[in-house]
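Residue-level listing of the chains:
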Amino acid sequence: MNNYPHPIIAREGWPFLAAALIVAVAVTVFAGWGWSIACWLVALFVLQFFRDPARDIPADASAILSPADGRVVTVERHDLPIATAYLVGTGGQALDPADRSGVSSLAANLMTKGTTTRSATEIARQVESLGGSIGANAASEGGSVEVTVKSDQLAPALNILADVAQHPVFAPEELERARTQQVDAVKVAMKNPAQLAALVADRATFGASPYGAPGSGTPASLKAITRADVTAAYARTWRPDQATLILVGDVTPAQAEALAKAQFGGWRAPAGAPAALPAVGGCLRARTGEAGVGGKDRADRPLRLGHVLRRYRLGGSAGGVREGRSQRCPDELATDLVLDQELD
């Protein structure tokens, strides 16, 4: 049902809109339309930025009206005085450009390394003073930021989390430091048989689709990433209309609603639809029939992920993972495995 209680323009934007309109009118009156066009464009931008249209709110007594187009989920556990705030965004490593694999992971790493109001040191010290911990991660189809503290410290902790999620600055010096650390971690992983097997399995299963790319990147892709790439990766995942705030522990739905409004009420989605996740490629697809005994199809054929990969070796003159020819699926022949790394 449509019972949205707020006006079409968010209250937080009223002062900005009023100021923009006053300036635009004043310039029009005293200088004419030619000089006031820019002022009217600014006023229109402010109007669009603080839009707050009516929404259809489900008639559910347990539902919380999210202040920023996202979702708020509360899981009550009152046996211990501890609470975790977990903010999840949709996007992640699957949206990384082919030549910039690892950029979402790098962006997640940098989110806790400085905002417009806090340095990396201040974030760490403030969370530590609350007796908690904070971290950010990127996954194949999303990203997350979480903080865990005593429940009586949840409000200041959520303020830090909201700042990290909404206002990261990706300082150049922090970017270079994080890049160096991630390149080193990737090189170490490529020398670990178990982690190397996981990388090969992803490529074998998902083929050349983004899901088959190494989520942490390669030394070559990481070295090519710029600050603009990191900012774009952040924007693809972190926007309120595809975010979910999950509060778990010693917290009630009423507290969750108040905290969400206080910390995320001013978060507005940018214009345009969010990026769509890519289709899954490679061999991860269901088969509906198989020629069985007597040439009849079997509808109960299990999902087949392909043949065992063959002839991989670590090292070589250029380093990395190389393959001659390997069958990923019975009906597909892989001629190249693009996991070559600069390990030297």
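An account of the accompanying structure is given in this report. Note that the coordinates shown come from a computational prediction; the quantities given were computed from them, not determined experimentally.

**Quick notes on the overall build of the protein**
- Within the protein one finds ten helices and nine strands.
- The buried share among the 344 residues of the protein stands at 41%.
- Across the protein, every contact between residues at least 6 apart in sequence was considered, and the portion connecting residues at least 24 apart equals 74%.
- Of the roughly 18,200 Å² that the protein leaves accessible, carbon and sulfur atoms contribute 59%.

**Details of the packing of helix 3 (residues 103-111) against helix 6 (residues 172-190)**
- Closest axis-to-axis distance for the helix 3/helix 6 pair is 10 Å, and the angle between their directions is 125°. The angle between the axes of helix 3 and helix 6 places the two elements in the oblique class. When you trace helix 3 past helix 6, the crossing you get is right-handed. Seen from helix 3, the contacting residues are Ser 105, Leu 106, Asn 109 and Leu 110; seen from helix 6, they are Glu 174, Leu 175, Ala 178, Arg 179 and Gln 182.

**Thoughts on the pairing of strand 4 (residues 142-150)**
- Here nine bridges tie strand 2 (residues 82-90) to strand 4, and the two strands are oriented antiparallel to one another. Bridging from a neighbouring strand, Gly 89 pairs with Gly 143 of strand 4.
- Pairing geometry for strand 3 (residues 133-139) and strand 4, over seven bridges, is antiparallel. Note that in strand 4 the partner of Ala 136 across the bridge is Val 145.
- Following strand 3, the chain reverses through two residues before pairing antiparallel with strand 4.

Cut-offs and rules
- Residues numbered from 1 in each chain as written.
- Predicted model: local features only at pLDDT ≥ 70, side-chain atom pairs only at ≥ 80, totals over all residues.
- Heavy atoms only, no water.
- Helix = DSSP H or I, 4+ residues; strand = E, 2+ residues; numbered from the N terminus.
- Buried < 20%, exposed > 50% of the residue type's maximum accessible area, 1.4 Å probe, protein only.
- Contact = heavy atoms within 4.5 Å.
- Areas by Shrake-Rupley, 256 points an atom, 1.4 Å probe, with all protein chains shown as cover.
- Axes fitted to C-alpha atoms, helices over the stretch in contact; angles between N-to-C directions.
- Parallel < 35°, antiparallel > 145°, perpendicular 65-115°, else oblique.
- Left-handed = near helix turned anticlockwise from the far one by under 90°.
- Pairing = 2+ DSSP bridges.

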